[in-house]
Amino acid sequence: MNIGIVGGGAVGLLLAAYLGRRHGVTVYTRRPSQARQLAEHGVALKKDGETSVVAVRAQPFAGAELDEPLVFVTVKQYDLASVCAQIDAFRRVRTLVFLQNGMGHLEQLTMFADKNVLVGVVEHGAMKLDDRTVAHTGAGKLTLASRYGSLGDARELREGERGFPIEWADDWERILVDKLVVNAVINPLTALLQVKNGALLETAPYRDMMRQLFDEVRNVLPLEDANRAWERVVRICQKTADNYSSMYMDLANGRRTEIDAILGYVLKQGEARGAMLPVVRFVFCAVKGKEGRETDG
Ligand code: KPL
């Protein structure tokens, strides 16, 4: 099957490297220079000290007309509006999979309600090393759930690729909320403290901060089981211990972060419930004060 991937960030390159082993993959990037690199040299995957290269097609997203039946949209939350604005580019696409962190972007997906629309969460540790190289720093899974229509062409992905398992969920909202909690705790703290994910668990004061942030977040989100949610945060932190979170990388590179879609969303939920969230607000403001305005991929 031919698969399109919109976005050449860490997640886009990781998907291209794994799905490109069995499928024809085209990566649509923001910068023409990245598309050139990928088309000429392929995507390089670094894992366990080894590098493998997978050939892909690539072209800039601007002006493209995607003709793959299945397309993954991997751009950051804040870039989604500009991608969706090119709605004609997706005319021939039958199945779209959106892989954004956080919440708040779902209203935009209604414009694709005539297609099969899936949302998904990525629990892999991945770091973009340069325009065509991604390091797979923590094995996790990709969980997908249908938002509109059926699973469509995504069914063909079945259980995924070796090293890149795919799980299927029935409840799209649940998987997004579960991932939101993980990102709400790990991403801003690693970005502000300038540490890898695993370091959050290494000292009692950092673990304390995680717990305080988690306790406020869980109070305003519809969680089924708070203990399991905390265990998930800790497990993902361990599994991606050697990873710099996406928010760490964004701040380190002077880019805009996804803090609005993550803790900004949590604050809105707090306001709606009349809940004071001092720790969330403090962490939110600290990230906002540091963030740049560039975009990636
Ligand atoms: O999703 C992530 C991110 O960095 O955005 C985690 C799971 C925290 C991995 O770093």
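Refer to the preceding data block for the structure.
These figures come from a predicted structure and were not determined experimentally. (Residues numbered from 1 in each chain as written. Predicted model: local features only at pLDDT ≥ 70, side-chain atom pairs only at ≥ 80, totals over all residues. Heavy atoms only, no water.)

Student: What exactly am I supposed to notice about the packing of helix α5 (residues 204–220) against helix α6 (residues 226–239) here?
Tutor: Helix-helix packing is characterised by the crossing angle of the two axes and by the distance between the axes. Relative to each other, α5 and α6 sit at 140 degrees, their axes nearing to 11 Å. Judged by the angle between their axes, α5 and α6 are oblique. Viewed along their axes, α5 and α6 form a crossing whose handedness is right-handed. Of the residues in α6, those in contact with Arg207, Met210, Arg211, Phe214 and Arg218 of α5 are Ala226, Ala229, Trp230, Val233, Val234 and Cys237. For the contact of α5 with α6, a count of residues per class yields eight nonpolar, no polar and three charged. (Axes fitted to C-alpha atoms, helices over the stretch in contact; angles between N-to-C directions. Helix = DSSP H or I, 4+ residues; strand = E, 2+ residues; numbered from the N terminus. Parallel < 35°, antiparallel > 145°, perpendicular 65-115°, else oblique. Left-handed = near helix turned anticlockwise from the far one by under 90°. Contact = heavy atoms within 4.5 Å. Nonpolar A, V, L, I, M, F, W, Y, C, P; charged D, E, K, R; others polar.)

Student: How do you make sense of the nonpolar core when you look at a structure like this?
Tutor: Soluble globular proteins tend to pack their nonpolar side chains together in the buried interior. Judged by nonpolar contacts, the single largest core of 66 residues is most densely connected at Val6, Leu66, Val73, Phe90, Met210 and Leu263. In terms of residue count, the dominant contributor to this core is helix α4 (residues 172–193) (twelve residues). Counting only domains with at least three residues in this core, you end up with domain 1 (2–170) and domain 2 (175–291). Excluding anything up to four places from it in sequence, Met210 contacts Val185, Leu189, Leu200, Leu201, Trp230, Val233 and Cys237. Counting residues in hydrophobic clusters, the runner-up holds 32 residues, among them Leu19, Val56, Phe72 and Ile166. (Core = buried A, V, L, I, M, F, W, Y, C linked by side-chain atoms within 4.5 Å. Buried < 20%, exposed > 50% of the residue type's maximum accessible area, 1.4 Å probe, protein only. Domains from an automatic or database assignment.)

Student: Honestly, the environment of Ser245 in this entry has me stumped. Any pointers?
Tutor: Take Ser245: it is sitting in the loop between α6 and α7 (246–252). Of the residues examined, Ser245 reaches a relative accessible area of 3% and is grouped as buried. Not counting residues up to four positions away in its chain, the partners in contact with Ser245 are Asn187, Thr190 and Asn197.

Student: So what exactly am I meant to see when it comes to helix α9 (residues 278–290) here?
Tutor: Think of an α-helix as turning once every 3.6 residues; residues three or four places apart then point the same way. The end-to-end C-alpha distance of α9 is 19 Å, a good match for the 18 Å that 13 residues give at a rise of 1.5 Å each. Buried within α9 we find Val280, Val283, Phe284 and Val287. Within α9, the buried residues cover an arc of 100 degrees as seen down the axis, which keeps them to one side. Exposed residues pointing more than 90 degrees away from the buried face of α9 are listed as Pro278, Phe282 and Gly289. Those residues of α9 that are buried lie in contact with α4, α5, α7 and α8 (259–272). (Expected span 1.5 Å × (residues − 1). Arc of directions from axis to C-beta.)

Student: Is there a simple way to think about the site of the ligand in this case?
Tutor: Neighbouring the ligand are Asn101, Lys179, Asn183, Ile186, Asn187, Asn197, Ile236, Asn243, Ser245 and Ser246. One of the side-chain nitrogen or oxygen atoms of Asn101 is found 3.2 Å away from an oxygen atom of the ligand. One of the side-chain nitrogen or oxygen atoms of Asn197 is found 2.9 Å away from an oxygen atom of the ligand. The cavity where the ligand resides is the largest pocket. With four residues, the top contributor of residues to the shell around the ligand is α4. (Near = heavy atom within 4 Å. Polar contact = N/O pair within 3.5 Å; in protein donor to acceptor, adjacent residues only side chain to side chain. 1 Å grid on protein atoms, 1.4 Å probe; cavity = no way out; pocket = protein on both sides within 12 Å on 5 of 7 lines; lining within 4 Å. Sits in = over half its atoms within 2 Å of the grid points.)

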